[in-house]
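# What the coordinates show
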Number of protein chains: 2
Amino acid sequence: MGSAKSKKSDSDSKNNKCLSDEVINLDQGDPTAFQEYWMKMKDRCTVVIPGWDHMSYFSDTTDVCWFLEPELAKAIKALHGAVGNAATEEHYIVVGTGSSQLCQAALFALSSLSDANPVSIVAAVPYYSTYVDEGSYLRSELYKWEGDARTFDKKGPYIELVTSPNNPDGTMREPVVKRSDHGGKVIHDFAYYWPHYTPITRRQDHDLMLFTFSKITGHAGSRIGWALVKDIEVAKKMVQYLTINSIGVSKESQTRATTILNELTKTCRTQSESFFEYGYEKMKSRWERLREVVESGDAFTLPNHSQAFCNFFGKTISTSPAFAWLGCKEERDLGSLLKGKKVLTRGGDRFGSDKKYVRVSMLSRDDDFDVFLHRLATIKNLKCIEP
Amino acid sequence: MGSAKSKKSDSDSKNNKCLSDEVINLDQGDPTAFQEYWMKMKDRCTVVIPGWDHMSYFSDTTDVCWFLEPELAKAIKALHGAVGNAATEEHYIVVGTGSSQLCQAALFALSSLSDANPVSIVAAVPYYSTYVDEGSYLRSELYKWEGDARTFDKKGPYIELVTSPNNPDGTMREPVVKRSDHGGKVIHDFAYYWPHYTPITRRQDHDLMLFTFSKITGHAGSRIGWALVKDIEVAKKMVQYLTINSIGVSKESQTRATTILNELTKTCRTQSESFFEYGYEKMKSRWERLREVVESGDAFTLPNHSQAFCNFFGKTISTSPAFAWLGCKEERDLGSLLKGKKVLTRGGDRFGSDKKYVRVSMLSRDDDFDVFLHRLATIKNLKCIEP
């Protein structure tokens with residue numbers, strides 16, 4: 001099991017898990033990997049909310065996004081400023097119950113404001129599997145999921161979803177639909193454009209950018225996301241969606257996100273305390289261990305992630321995505337094969353790709369990650385494994 | 001201004017507001033009336049959340065509603081048990097970002113499980129204005145808003161939304177669509193079926209019932225609602241909606257709702273502490289003052305709310321709805337008329353009714369309610385007012 005075994009893997013709990021039949025779930029990207037950091041921070045980011053606080057629907061009736069807490073808006077701007085990953089100056093901030101809700105708000109806004117409907121929704125393969133559900137579950141006449149952006153050739157208005165770094169494969173992306181009629185809009189999903197996952201090479205400054213609290217710090221349970229939106233009409237339509245859909249966003253979660261984001265900004269230049277330093281080291285170590293296991297056998301493939309100069313860290317660093325896009329060297333259903341080893345992953349077909357690939361969460365708890373590597377290391381060659 | 005003037009209305013702040021041009025917003029039902037109760041409770045319902053808590057998407061992977069905190073489920077069951085307003089034993093609990101999101105989840109669930117689409121959505125006039133938006137904003141092929149339930153005569157499957165007590169007019173309601181083909185489903189919205197608004201005359205036990213934290217205790221900013229659902233397939237489909245729509249519901253809000261609902265249950269039989277006693281007295285007093293103003297002139301009408309024996313209070317009590325369905329005795333646009341007096345209300349046309357009616361929130365802060373009564377009392381006769 002190589003280095004996976006050498007690091008903390010001898011605890012009773014781990015060995016019990018390895019030996020047991022326990023199923024390891026790496027299907028969802030539940031970001032519990034970072035909990036140990038927050039436990040070390042102890043009371044630093046504790047929030048205290050009295051019973052009489054945050055009772056109103058309204059946060060700031062003068063803001064386009066009337067349910068956005070002004071302190072959260074400040075915290076978001078300060079963090080983007082400190083990290084240098086996105087411009088906020090000429091953007092309206094729209095808060096959502098996670099970035100999924102905001103993505104749907106953006107689809108609603110852009111398609112409602114379009115001259116013709118339905119608007120086609122596309123994303124380049126392999127795309128985030130949930131986009132398919134978001135674009136089709138309500139059978140809306142406003143928009144229609146049309147699949148792979150690279151082969152898209154329909155006439156009429158379209159929206160391209162660009163996830164960069166990409167979920168599931170970690171590549172940096174640009175729009176791929178090339179049409180001269182200017183009928184396209186782009187939603188940039190920057191959920192993973194943070195320095196613990198990828199080098200920050202430029203300050204993004206697009207019309208509509210999505211971010212999520214879940215994947216920065218690991219606080220997925222809070223369900224907080226935000227959009228940075230240049231066009232006020234688009235921002236207003238997104239707010240209309242959120243007003244009808246859920247009459248705004250939890251104030252308690254906004255309060256907690258404010259506290260935690262402010263802590264990130266405050267400590268981001270203190271190496272011993274910086275969350276991004278911690279997160280970067282953790283992700284880098286996991287990727288080194290995974291690559292070691294994959295390279296020790298002849299069964300699997302991984303993408304080659306590039307190195308680049310990171311403006312935030314001030315040095316050249318590697319890419320350490322939140323998901324591994326694991327492939328196998330033969331034409332096999334890798335998801336089923338790993339399920340046989342009691343490891344749940346998400347099959348490549350869900351991402352518009354092939355079943356010989358799976359998406360594996362790199363954000364699980366340490367012991368689950370250790371068990372995953374241990375089980376993966378037992379598969380040296382697919383020829384020995386029954387179909 | 002009658003009793004409105006006699007109670008606390010001589011403060012400088014109030015007089016300033018009365019004399020000033022300040023706009024009083026009673027359009028939304030922002031339930032800030034109850035904040036003073038929670039301030040009196042001081043630290044009793046304070047929640048403390050450390051930085052490392054509630055990080056996962058998951059609350060209980062064995063529950064149909066995997067993002068529902070088990071402690072919140074217990075608190076909901078205990079409160080319904082103590083108040084006696086709804087049966088929970090044979091129901092699954094689905095938590096939502098407010099009951100608006102749950103209503104949309106229910107529309108999705110019932111129409112996805114229907115043999116034919118679109119399913120018609122209807123509600124008896126006057127209906128909650130937001131249902132129109134919820135049923136139509138996404139132009140879903142699954143369902144179609146068809147307006148008044150009383151005149152509905154289309155073939156095919158339908159969903160009737162029954163709000164009881166009704167928003168906007170406070171009447172207790174039953175389904176009104178009478179068809180023999182059993183093609184109809186009912187969503188019971190019990191947002192206001194609590195003893196401070198209406199006598200609890202029976203323990204409701206329907207297939208699909210919606211409740212919201214906002215209108216019980218006034219914590220609208222938390223965005224917590226729940227559905228009690230008998231059919232597991234409907235519950236599963238609602239959870240599917242919530243998973244795609246927002247990947248669950250804020251854990252911070254669930255934690256706070258748990259603390260506050262448990263306090264309600266604990267103190268509901270202690271007269272000096274009971275929120276329901278407090279809320280009932282407050283609402284009763286506001287209604288008495290409003291009726292006094294209305295009856296002192298010849299301009300306005302109010303519904304006659306019945307009295308009934310309340311199983312919770314153990315006595316006959318009056319109905320004190322969260323909204324006043326104010327009418328005028330002439331064919332006038334009452335919303336515009338009141339807007340001229342710097343009072344914002346929601347026009348009757350938004351509820352499928354007539355502009356001679358408006359919905360007025362009875363849940364504003366004390367000073368806003370006082371100013372509203374003061375301004376209303378200046379209108380003794382509509383004949384004196386320019387159209």
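Since this is a predicted model, take the numbers as computed values, not measurements.

All names here are of chain B. Across the sheet, four strands lie side by side as S10-S13-S16-S15; this open sheet has antiparallel pairing. At either margin of the open sheet sits one strand with a lone partner, and together these are strand S10 (300-301) and strand S15 (346-347). As judged from the two bridges shared by S10 and strand S13 (residues 323-328), these two strands associate in the antiparallel manner. Paired with Phe300 across the two strands is Cys328, which belongs to S13.

Superposition of chain A onto chain B requires a rotation of 180° combined with a translation of 0.0 Å along the rotation axis, giving an RMSD of 0.0 Å. On this basis, the relationship between the two copies can be described by a two-fold rotation axis. Mapped onto chain B, 100% of the interface residues of chain A again fall at the interface, so both copies present the same surface.

The contact between helix H5 (residues 98-112) of chain A and helix H8 (residues 232-246) of chain B brings their axes to 6 Å, and the two run at 80°. Comparing the axis directions of H5(A) and H8(B) gives the class roughly perpendicular. Counting all contacts with H5(A), which are made through Ser100(A), Gln101(A) and Gln104(A), the residues of H8(B) involved are Ile244(B), Asn245(B) and Ser246(B). Taken together, the residues of the contact of H5(A) with H8(B) sort by class into one nonpolar, five polar and no charged.

Bringing the interface of chain A and chain B into the picture now. Counting from both sides, the interface comprises 62 residues of chain A and, opposite them, 62 residues of chain B. Interface of chain A and chain B: buried area, both sides summed, is about 5300 Å²; carbon and sulfur atoms make up 57% of it. When the buried area of chain A at its contact with chain B is split by residue, Met55(A), Tyr57(A) and Ile244(A) rank highest and sum to 14% of it. Where chain A packs against chain B, one counts four salt bridges.

A word on the pairing of S13(B). Residue and element names in this part refer to chain B. The element S13 is largely enclosed, with a buried count of six among its six residues. Of the two faces of S13, the one lined by Phe323, Trp325 and Gly327 and the one lined by Ala324, Leu326 and Cys328 are each fully buried. Bridge analysis of S13 against strand S16 (residues 357-361) gives five bridges, and the strand direction is antiparallel. Following the sheet pairing, Phe323 is matched in S16 by Ser361.

Reading the values: the criteria
- Residues numbered from 1 in each chain as written.
- Chains lettered and ligands numbered in written order.
- Predicted model: local features only at pLDDT ≥ 70, side-chain atom pairs only at ≥ 80, totals over all residues.
- Heavy atoms only, no water.
- Pairing = 2+ DSSP bridges.
- Helix = DSSP H or I, 4+ residues; strand = E, 2+ residues; numbered from the N terminus.
- Least-squares fit on C-alpha atoms with pLDDT ≥ 70 in both.
- Contact = heavy atoms within 4.5 Å.
- Axes fitted to C-alpha atoms, helices over the stretch in contact; angles between N-to-C directions.
- Parallel < 35°, antiparallel > 145°, perpendicular 65-115°, else oblique.
- Nonpolar A, V, L, I, M, F, W, Y, C, P; charged D, E, K, R; others polar.
- Buried area = accessible area lost by both parts, 1.4 Å probe.
- Salt bridge = Lys/Arg side-chain N within 4 Å of Asp/Glu carboxyl O.
- Buried < 20%, exposed > 50% of the residue type's maximum accessible area, 1.4 Å probe, protein only.

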